[in-house]
Amino acid sequence: MWICKTPLRASFFGGGTDYPAYFNSRPGAVLGGTIDKYVFIQALPLSPIAEQKFRVTYRTTESVDEIDAIRHPVIREALKLYRWYQPLNIATMSDLPGGTGLGSSSAFTVGFINLLHRMRGTELTQYELARHAIDMEQVVLKEKVGVQDQVHAAFGGFSRYEFSGDSISIEPLRLTTQRLALFNASLLLVYTGVQRNASDITTEQESRTSAGLNLGYLNDMYEMTKVGARILEQDGDDPAALMRFADLLDQSWKLKRQLGTTVSNSSIDEIYMAGKELGAWGGKLLGAGGGGVVLFMADPSLHPQFSERIGADNVIPASMTTGGSIVLNVS
């Protein structure tokens, strides 16, 4: 049995500049990292005499004899692309539901591609793994997605990534142990109650970006990735640095709202205002928009008040982690 564990991510600055419509003509960048929430994929090769050649379990269960009959698009197309024809039982689990703005779709793509290669005895580099996943989503599946989610899932860690044409560079953030611990202690996610497909949300944004309507906003969001990195890396008082970083998050959220009419809605706005009223230093909606989770940074002593007002089931603690997608062989 093989098990793949791939982290979800939190994106703080630069989302939207990781789309080809932007970074093919000027550099794009994101500042973010992987969190302690994961997508798990379990694969068990089956005997040739198995009743069905492929059994796939996710939100539903599929039992089929032909790869083309598999409805899950990533599994179907990856099996075909990498020429995996042996009978296989595949099961997927996740710490958090998909469609919540944490990059779960790309984490699954990265994880499944990683899993197939490792089962064959091939180990891709982190860069190769990210590139394979980007090609799968953008070229094979023709999805309207950026490139940050695949890179986060493949590399892991807390970094600033820059994109320019076909080039991807990585700058891991250099935080002291104490500052990172305080940063992690301040984080919490608030679920909006809405799951959505990122491709549906980004269609309007990509059209506006291609037409040049979002250029000014995205240029400012790109620069914020540099400012945010400097704030976290520079010497000085740790709580003050986190508050400046959180204030920049607020500014980023105001810009992000301008990218399209589907980014926010009254429900998201209410959660955001509630968080600020409860004393959050700052925050933003994660992902493309329209739903998912709102990330807040707040003094840890205030976190219980979020649970009381918003509901304990909707408030999720999170921490930044190191390491990307990994595969284990369980004998």
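Here's what I pulled together on the structure shown here. A quick note: this is a predicted structure, and the numbers were derived from the prediction, not measured.

## Topic: the sheet that holds strand β8 (residues 187-191)
If you trace the four strands from one edge of the open sheet to the other, you get β9-β10-β8-β11, paired in antiparallel fashion. Because the sheet does not close on itself, it has two edges, and the strands there are β9 (282-285) and β11 (315-317). Adjacent strand axes in the sheet meet at a mean angle of 25 degrees, parallel and antiparallel pairs treated alike. Contacting β8, β10 (293-297) and β11, helix α11 (residues 303-310) crosses the sheet at an angle of about 5 degrees to β8.

## Some thoughts on the environment of S210
Tracing the backbone shows S210 in helix α7 (residues 198-210). Residue classification places S210 among the exposed residues on the basis of a relative accessible area of 55%.

## Points about the nonpolar core
In globular proteins that are soluble, nonpolar side chains generally tend to be buried together. Ranked by size, the top nonpolar core spans 99 residues in total, and within it F12, L79, F112, F183, F245, M297 and F306 carry the most contacts. Once residues lying within four places of it in the same chain are set aside, the contact partners of F306 are L188, V190, G275, L278, A280, F296, A298, G311 and V315.

## Some points on the packing of helix α8 (residues 215-233) against helix α9 (residues 238-256)
Two quantities define a packed helix pair, namely the angle between the helix axes and the distance between the axes. Remark: α8 packs on α9, axes separated minimally by 10 Å, with the N-to-C direction vectors making an angle of 170 degrees. Of the possible angle classes, the one that applies to α8 and α9 is roughly antiparallel. Where α8 abuts α9, its residues Y217, D220, M221, M224, V227, G228, I231 and L232 lie against A241, L242, R244, F245, L248, Q251, S252, L255 and K256. Of the residues assigned to the contact of α8 with α9, the class counts are 11 nonpolar, three polar and three charged.

## Some thoughts on the pattern of salt bridges
Two side chains of opposite charge can pair, provided their charged atoms sit close to one another. According to the stated counting rule, one finds 13 salt bridges in the structure shown. Close ionic contact of E223 with K226 constitutes a salt bridge, the shortest N to O distance being 4.0 Å. You can see E223 and its partner K226 sitting in helix α8, three residues apart, about one turn around the helix. Between K276 and D250 there is a salt bridge; the shortest N-O distance is 2.7 Å. Within this pair, whereas K276 is found in helix α10 (residues 266-277), its partner D250 is found in helix α9, the two being separated by 26 residues in sequence. The exposure class assigned to K276 is partly exposed, which follows from its relative accessible area of 30%. Residue classification places D250 among the buried residues on the basis of a relative accessible area of 9%. In the salt-bridge network here, residues are joined through shared partners; they are D68, R76, E77 and K80.

## Side note on the environment of R71
Inspection of the secondary structure assignment puts R71 in the loop between β4 (61-64) and α2 (73-81). Under the relative-accessibility criterion, R71 is labelled exposed at 55%. Sequence separation of R71 and N265 is 194 residues, and the distance between their C-alpha atoms is 32 Å. Apart from residues no more than four positions distant in its own chain, R71 is found in contact with Y58, T60, E62 and R76.

## Thoughts on unusual backbone geometry
Although it is not a glycine, R83 sits at a positive phi angle of roughly 55 degrees. Note that R83 resides in the loop between α2 and β5 (88-94). What makes R83 exposed here is its relative accessible area of 58%.

## Quick word on a nonpolar patch on the surface
Judged by side-chain polarity, M1, L44, I326, L328 and V330 come together as a nonpolar surface patch covering roughly 390 Å² of accessible area. Of the residues examined, V330 reaches a relative accessible area of 38% and is grouped as partly exposed.

## Side note on α2
Where α2 is concerned, the buried positions are V74, I75, R76, E77, A78 and L79. Contact partners of the buried residues in α2: β3 (54-57), β5, α3 (104-119) and α4 (126-140).

## Here's the deal with the packing of helix α6 (residues 177-186) against α9
Axis separation between α6 and α9 bottoms out at 10 Å; the angle between their running directions is 50 degrees. Comparing the axis directions of α6 and α9 gives the class oblique. You can see that α6 and α9 cross each other, and the crossing is right-handed. Contacts from Q178, R179, L182 and F183 of α6 reach α9 at D238, A241, L242 and F245. Here the residues of the contact of α6 with α9 are counted per class, giving five nonpolar, one polar and two charged.

The rules we used
- Residues numbered from 1 in each chain as written.
- Predicted model: local features only at pLDDT ≥ 70, side-chain atom pairs only at ≥ 80, totals over all residues.
- Heavy atoms only, no water.
- Pairing = 2+ DSSP bridges.
- Helix = DSSP H or I, 4+ residues; strand = E, 2+ residues; numbered from the N terminus.
- Axes fitted to C-alpha atoms, helices over the stretch in contact; angles between N-to-C directions.
- Contact = heavy atoms within 4.5 Å.
- Buried < 20%, exposed > 50% of the residue type's maximum accessible area, 1.4 Å probe, protein only.
- Core = buried A, V, L, I, M, F, W, Y, C linked by side-chain atoms within 4.5 Å.
- Parallel < 35°, antiparallel > 145°, perpendicular 65-115°, else oblique.
- Nonpolar A, V, L, I, M, F, W, Y, C, P; charged D, E, K, R; others polar.
- Salt bridge = Lys/Arg side-chain N within 4 Å of Asp/Glu carboxyl O.
- Patch = residues over 30% accessible without salt bridge, like charges linked within 9 Å, V, L, I, M, F, W, Y side chains within 5 Å.
- Areas by Shrake-Rupley, 256 points an atom, 1.4 Å probe, with all protein chains shown as cover.
- Left-handed = near helix turned anticlockwise from the far one by under 90°.

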